[in-house]
Amino acid sequence: MTASSPVAPKPLLTIEPRPGWVPLNLREIWQFRDLLFSLAGRDIRLRYRQTALGVSWVVLQPLIAGGLFSLVFGILAKMPSGDLPYFVLSYTGVLAYNVFSNTLNKAGICLVGNAQLVSKVYFPRMVLPLSTALSTLLDFAVGLIVLAILMGVYHTHIHLGAGLLLAPVMIAIILLMALGAGLWASALTVSYRDVQYVLPVLLQFVMYATPAGYKLSVVKDAAKHHPHLFTLYMLNPLSSVIEAFRWACLGEGELHWGWITYSAACALVLMLLGSIAFRRMERRFADVI
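Throughout what follows, the structure given in this document is the object of discussion. (Residues numbered from 1 in each chain as written. Predicted model: local features only at pLDDT ≥ 70, side-chain atom pairs only at ≥ 80, totals over all residues. Heavy atoms only, no water.)

1. Re the environment of methionine 177
At step 1: Structurally, methionine 177 is set in helix 7 (residues 167-191).
At step 2: Judged by relative accessible area, which is 2%, methionine 177 ranks as buried.
At step 3: Sequence separation of methionine 177 and proline 237 is 60 residues, and the distance between their C-alpha atoms is 8.7 Å.
At step 4: Not counting the four nearest positions on each side in its chain, methionine 177 is found in contact with Phe100, Pro237, Leu238, Val241, Ser263, Ala267 and Leu270. (Helix = DSSP H or I, 4+ residues; strand = E, 2+ residues; numbered from the N terminus. Buried < 20%, exposed > 50% of the residue type's maximum accessible area, 1.4 Å probe, protein only. Contact = heavy atoms within 4.5 Å.)

Structure follows, in structure tokens:
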């Protein structure tokens, strides 16, 4: 380039807050997809770098939870499990619930955990909570390997069929719910740090309000004289999809298509409202984080 050649102007991006309801910018998130994958990979590496058991924790967590549910509900409370060993039934439910719990937990603290990045570098902030879904799905995939082994060991008690194709649909609904709630939680945590301490405790209570460790038929039998109690239980959108995931994988459980449709609608609405709320609060992140 000679001295007389004109210098090309540098690209300029002006960042300014927008008033009112801010529309979603999916195109911008797609442009930063490399960052999304990088953040997900970093989360996986950092999580197990200085742990003695490493990635084994991904397998141990649902195994321990499944074992505790088997002891409490299967042996002590003597709840029915059909033809299945109670451990397989509870492990499958816990595996599905962990997709919701882990995604929401990670999304809730992702902005505070990346405070330096949020305050100094421009990128769509929504990339941070969305990246947590990828690491959760990897954990879920490892858990599925253990489930496949259990299904092979107890194959005589498991009735597989075309219903297995329903399992990814149920996980997609659960993940959508978790991301919608996670967007809200992550934005609130920036201003109210109490959220990150309340969330894990709340999720422990929510687990017992879902058929993760027991069959849905147990709730139906207990509420047969009070149908409104069963309806109240099913208003939790996780209930029908966790039971449907178990049915898809093991052939044991119940399908309530009306409630599954309700859960899918709740997931879509929660994701939409969570995204809008996140974008609306996003303008204050760098100032208060």
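2. Examining the side chain of threonine 92
At step 1: Of note, threonine 92 is situated in helix 4 (residues 86-113).
At step 2: Given the relative accessible area of 0%, threonine 92 is considered buried.
At step 3: Here valine 88 takes part through its backbone oxygen, which lies 2.8 Å from a polar atom of the side chain of threonine 92.
At step 4: In this view, threonine 92 contacts Leu147, Phe245, Arg246, Cys249 and Leu250; residues no more than four positions away in its chain are not counted. (Polar contact = N/O pair within 3.5 Å; in protein donor to acceptor, adjacent residues only side chain to side chain.)

3. Observations concerning the environment of alanine 181
At step 1: Structurally, the position occupied by alanine 181 is in helix 7.
At step 2: A sequence separation of 93 residues divides alanine 181 from glycine 274, and the C-alpha atoms of the two residues are 6.3 Å apart.
At step 3: With residues up to four places along the chain from it excluded, the contact list for alanine 181 reads Leu104 and Leu270.

4. Remarks on the packing of aromatic side chains
At step 1: By the definition in use, this model includes seven aromatic pairs.
At step 2: Look at phenylalanine 69 and phenylalanine 73: their rings are 5.4 Å apart centre to centre, the planes differ by 15 degrees, and that puts the pair in the stacked class. Of this pair, phenylalanine 69 and phenylalanine 73 both sit in helix 3 (residues 56-76), four residues apart, which is roughly one turn of that helix.
At step 3: A residue is classified by how much of its surface remains accessible, and phenylalanine 69, at 6% relative accessible area, is buried.
At step 4: Among the aromatic side chains, those forming a connected cluster through ring pairs are Phe69, Phe73, Tyr208 and Tyr214.
At step 5: The ring of tryptophan 30 carries the charged tip of arginine 33 above its face, separated from the ring centre by 4.2 Å.
At step 6: The side chain of arginine 125 reaches across the aromatic face of phenylalanine 123, ending 4.8 Å from its centre. (Phe/Tyr/Trp six-rings, centres within 6.5 Å; stacked < 30°, edge-to-face > 60°. Lys NZ or Arg CZ within 6 Å of the ring centre and 35° of its normal.)

Keep in mind these numbers describe shape, not what the thing actually does.
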